Amino acid sequence: EQSEALVNWCPALGTVLANEEVIDGKSERGGHPITRQPLRQWVLKITLYADKLLDGLKGLKWPEGTLQAQKQWIGKSEGCQISFELPDEADEAIEVFTSRPDTLMGVTYLVLAPEHPLVKKLVSAERKDEVERYVAVSAEKSDLSRTTAGSVGKTKTGVNLGAFAIHPISNEKISIWVSDYVVWGYASGAVMAVPAHDQRDFEFAKTFDLPIKRVVAESKNDKNSELSEAFVEYGTAVNSGPFNGLKSEECKKEVIENLEKSGKGKATVNYKLRDWIFSRQRYWGEPIPIYFPVIMKNEQGDPRNDDEHTICYDQPIPLPEDELPLVLPEMESFEPGNDPAGCLARAKSWRYFKKDEKWFARETNTMPQWAGSCWYYLRFCDTSNDKEFVSKEKDEEWLPVDMYIGGQEHAVLHLLYARFWHKFLHDKGFVKDKEPFEGLVHQGMILGSDGEKMSKSRGNIVNPDDIVNEFGADSLRLYEMFMGPLEASKPW
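In this text, all values refer to a predicted model and were calculated from it rather than measured experimentally.

Conventions adopted
- Residues numbered from 1 in each chain as written.
- Predicted model: local features only at pLDDT ≥ 70, side-chain atom pairs only at ≥ 80, totals over all residues.
- Heavy atoms only, no water.
- Helix = DSSP H or I, 4+ residues; strand = E, 2+ residues; numbered from the N terminus.
- Buried < 20%, exposed > 50% of the residue type's maximum accessible area, 1.4 Å probe, protein only.
- Contact = heavy atoms within 4.5 Å.
- Areas by Shrake-Rupley, 256 points an atom, 1.4 Å probe, with all protein chains shown as cover.
- Lys, Arg positive; Asp, Glu negative; His and termini not counted.
- Charge placed at Lys NZ, Arg CZ, Asp CG, Glu CD.
- Pairing = 2+ DSSP bridges.
- Axes fitted to C-alpha atoms, helices over the stretch in contact; angles between N-to-C directions.
- Parallel < 35°, antiparallel > 145°, perpendicular 65-115°, else oblique.
- Nonpolar A, V, L, I, M, F, W, Y, C, P; charged D, E, K, R; others polar.

*Asks:* Quick question: what am I supposed to make of the overall build of the protein here?
*Replies:* Scanning the protein for helices and strands turns up 14 helices and 24 strands. Dimensions of the protein along its principal axes, counting C-alpha atoms only, are 75 × 70 × 50 Å. Burial status across the protein gives 46% buried among its 492 residues. A sequence separation of at least 24 residues applies to 67% of the contacts in the protein between residues at least 6 apart. On the protein, roughly 26500 Å² of surface is accessible, and the fraction owed to carbon and sulfur atoms is 51%. Charged side chains in the protein number 60 positive and 79 negative. The centres of these two groups are separated by 3 Å.

Okay, structure coming up:
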């Protein structure tokens, strides 16, 4: 589906970058500044497969670290959606998700992500300039760098909005802050801060001298003991009014029941996994076979001549199957530009076409590299088949892959995306198995002679062509095979 998503836009490279491709607010390649801005994107609904992706990990012969990485990336958590009403905005409320509703009575402030739409609405006149500066700086950071910077032990930053919310049970007024350790796009982009029982919240509260209220203790006798760090374990409810004395699990149920009766919350399941942004603004991806109606201001106009027109992006039309594959146009220059529509927007004779005397415009975003790498192993089984990507016979003979060898860096990208792709194909009846790779081994990296990753800047690169020319390819392969265990990284 189409979605307006907050993305990492790099004007110098002329494309959207994945979170993993942004380091300290700059592109991994070239070190160019990036900004966070909303763009129209195609997304694949991988979130609909979150539970299937989790369940499918059972029984796979994969390294335990990779299994855990995928579980954490999907990030399933059961808890409660809670509404914090706003005294000055009768029709608005701050929605938060928590997996620990038993700590609700310990909330002493709320935190909004910088992109949260309520930030602009709630900020006081006195704090407006400071908040706008903070939001602008946050827009230059990727979700990954913000999450890393906001992790335990890192310095916390934020600004008080000068606004308050109402606690859903105690009716106390709670201050509202903005901080980049809260990421828009996960849950509701807002956090109920319980500094006594969450270490990030504890560190934030210490930084800004905010109240810390203990509501869970090992026993009711510990209710007033001072904390040097957050107490994150389960225990007994203390300082929690009607919930005092309840064990944490029982307290969770009672709090949720209370909120559901008052209409201020409900039990829910949440995931860290987000829908997969599938649009790129470069030339060399597969073209997306979608087109849109075009409305000309002057019926005699021609959009290829830049005559004024409107593209109806809300009315996507799939290209008929007999017109596939859609082929990229030949272009003299396919360098990226600063147009978020991508360089294909410059290929006007390809982009615009007439059908039944009406103008249409092709999608100018292209697919990411994952569009090929998610299913190439299927094609390897049946490379000469020009009717289907893999026949039932070849599927039966060769699949699933019994041993897949690939780098650790693919743990939560390629390997997760390929599993999702395969499960979708299975649900549609195109492949017989639910999982693509039964076994997985991560090969180690060949390091430079100094024990560091090979790079030009370190001057430790060994060019395999030089080895092949002097000793031959088979000698090189044999040498690498016997340098040490397959899974181990080792110096040249």
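This is not the end of the story, as more comes after the structure.
*Asks:* Would you explain the sheet that holds strand S1 (residues 2–10) in this entry?
*Replies:* As a general point, the strands of a sheet are linked pairwise by backbone hydrogen bonds and lie either parallel or antiparallel. With antiparallel pairing, the four strands of this open sheet are ordered in space as S2-S1-S5-S15. In this open sheet, the two strands that pair with only one neighbour each are strand S2 (15–17) and strand S15 (276–277). Where strand S5 (residues 35–44) lies against S15, two bridges are found, and the strand directions are antiparallel. The residue of S15 that forms the bridge with Leu 44 is Trp 276.

*Asks:* Explanation requested: the packing of helix H2 (residues 64–74) against helix H12 (residues 414–427) in the structure shown.
*Replies:* The axes of two packed helices give the description: the angle between them and the distance between them. Put simply, H2 and H12 touch, their axes get as near as 11 Å, and they point 70 degrees apart. Classified by the angle between their axes, H2 and H12 sit roughly perpendicular to one another. Contacts between H2 and H12 involve Thr 66, Gln 70, Trp 73 and Ile 74 from the former and Leu 415, Leu 416 and Arg 419 from the latter. Grouping the amino acids of the contact of H2 with H12 by side-chain chemistry returns four nonpolar, two polar and one charged.

Just distances and angles here, no functional claims.
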